[in-house]
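Chain by chain, the residues run as shown.
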Amino acid sequence: MRTIRALTAALAFVAAVPAVGTAQLGSSFTNSWFWGVKAGAMDYNKLTQSHQQAPLIGGDWLITRTRGGLYVSFSQAMFTDLALVQLDPADTNSRKTIDLKDMRRVDLAAMGFIGNSNYWHPYAGAGFSLKQIATANIQNMTTADGQTLALVTALRTGAAPYFIAGAQLKLSLFSFFFQGTASPANKNMFLYNGKSFHLTYEAGLRYNVGSAIDKL
């Protein structure tokens, strides 16, 4: 995905720029621009089991104002799983087993910040999440599986509301954060078995690269 490549390249570029080496020191939380890295776990539901845990890694971008801001995140949860699709409910021969691997997500949220501490910053937000199963392959695929392949392609990707809550603690060089997110499972996407949400538990470091407001 071009979006994923661009976000990854931007993260690498910002981390390498020496001119922002002193930005975190002495900077405030308000009106700032943070880049971050994170790790954690995603709680998801298999075809026949609930509350499976998959390790998760990613990066995020946070722009802050006095009481609100903007949050953008890319992450990938790592797992292998199986799913079943059946084009004709009356024809068991149309049932196919699908090998699933990993989920990519791009999340966007409007944020609200609580309190005015110099070091401790609780936050909450809401927005939407774009999800995609990284790999979805039909087992024993044949040339007659064109319709099944089209269905698998459609079930790989979905969008849903997104909710986030957490807190950020300012340290000398970086800021530490921990947060939880919730996004409703999409009925028209793999990994849905009637359960309500995909949940994540994340922690990481953010670096203040400078002011988010242009200076005249």
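S.K.: I'm lost on the overall build of the chain in this one. Help?
M.R.: Within the chain, the secondary structure is distributed over two helices and eight strands. Listing each helix as α and each strand as β along the chain from the N terminus yields α-β-β-β-β-β-α-β-β-β. Counting only residues that meet the buried cut, the chain has 41% of its 216 residues in that class. Summing over all exposed atoms, the chain offers an accessible surface of approximately 11500 Å²; the carbon and sulfur share of this is 62%.

S.K.: How should I be thinking about the environment of Phe29 in this particular structure?
M.R.: With respect to the helices and strands, the residue Phe29 is situated in the loop between α1 (2-16) and β1 (32-44). According to the relative accessible area criterion, Phe29 is buried, its value standing at 9%. Once the C-alpha coordinates of Phe29 and Ser175 are considered, the two residues, 146 residues apart in sequence, prove to be 9.7 Å apart. Leave out the neighbours within four places in its chain, and Phe29 touches Phe34, Leu62, Thr64, Phe113, His121 and Gln168.

S.K.: In this structure, what is going on with the nonpolar core? I would like to understand it.
M.R.: Looking at soluble globular proteins, one finds that nonpolar side chains tend to be buried together. Phe79, Ile98, Leu100, Ile133 and Phe190 are the most contacted members of the largest nonpolar core, which has 19 residues in total. Put simply, the parts of the chain that give this core at least two residues each are β1, β2 (52-64), β3 (68-86), β4 (95-113), β5 (120-138) and α2 (146-155). A total of four residues in this core trace back to one element, the largest contributor, which is β3. In this view, Phe190 contacts Ala83, Val85, Ile98, Leu100, Ile133, Ala136, Val152, Leu155 and Arg156; residues no more than four positions away in its chain are not counted. Membership of the second largest hydrophobic core comes to eleven residues, among which are Phe34, Tyr123, Tyr162 and Ile164.

S.K.: Help me out: how do you make sense of a nonpolar patch on the surface in this one?
M.R.: Side chains of Val37, Tyr119, Trp120, Leu171, Leu173, Phe174, Phe176, Phe178 and Leu205 sit close together on the surface and give an oily, nonpolar patch of about 850 Å² of accessible area. The residue Phe174 is located in the loop between β6 (157-170) and β7 (175-184) in this model. Of the residues examined, Phe174 reaches a relative accessible area of 36% and is grouped as partly exposed.

S.K.: Whenever I open this one, unusual backbone geometry confuses me. Can you help?
M.R.: Where the residue is not glycine, phi is negative for most of them; where a peptide bond is considered, it is trans in most cases. The phi torsion at Asp102 lies on the positive side, around 65°, for a residue other than glycine. Within the secondary structure, Asp102 is located in strand β4. On the basis of relative accessible area, Asp102 is assigned to the buried category, the value being 10%. The phi angle at Asn140 is positive, at roughly 55°, despite the residue not being glycine. By the element assignment, Asn140 lies in the loop between β5 and α2.

S.K.: It is not clear to me how the environment of Ser50 should be interpreted in this structure. Could you clarify?
M.R.: Looking at the secondary structure, you find Ser50 in the loop between β1 and β2. Classification of Ser50 by relative accessible area gives partly exposed; the value is 26%. Along the chain, Ser50 and Tyr192 lie 142 residues apart, while their C-alpha atoms are 9.8 Å from each other.

The rules we used
Residues numbered from 1 in each chain as written. Predicted model: local features only at pLDDT ≥ 70, side-chain atom pairs only at ≥ 80, totals over all residues. Heavy atoms only, no water. Helix = DSSP H or I, 4+ residues; strand = E, 2+ residues; numbered from the N terminus. Buried < 20%, exposed > 50% of the residue type's maximum accessible area, 1.4 Å probe, protein only. Areas by Shrake-Rupley, 256 points an atom, 1.4 Å probe, with all protein chains shown as cover. Contact = heavy atoms within 4.5 Å. Core = buried A, V, L, I, M, F, W, Y, C linked by side-chain atoms within 4.5 Å. Patch = residues over 30% accessible without salt bridge, like charges linked within 9 Å, V, L, I, M, F, W, Y side chains within 5 Å. Salt bridge = Lys/Arg side-chain N within 4 Å of Asp/Glu carboxyl O.

Geometry only, nothing functional implied.
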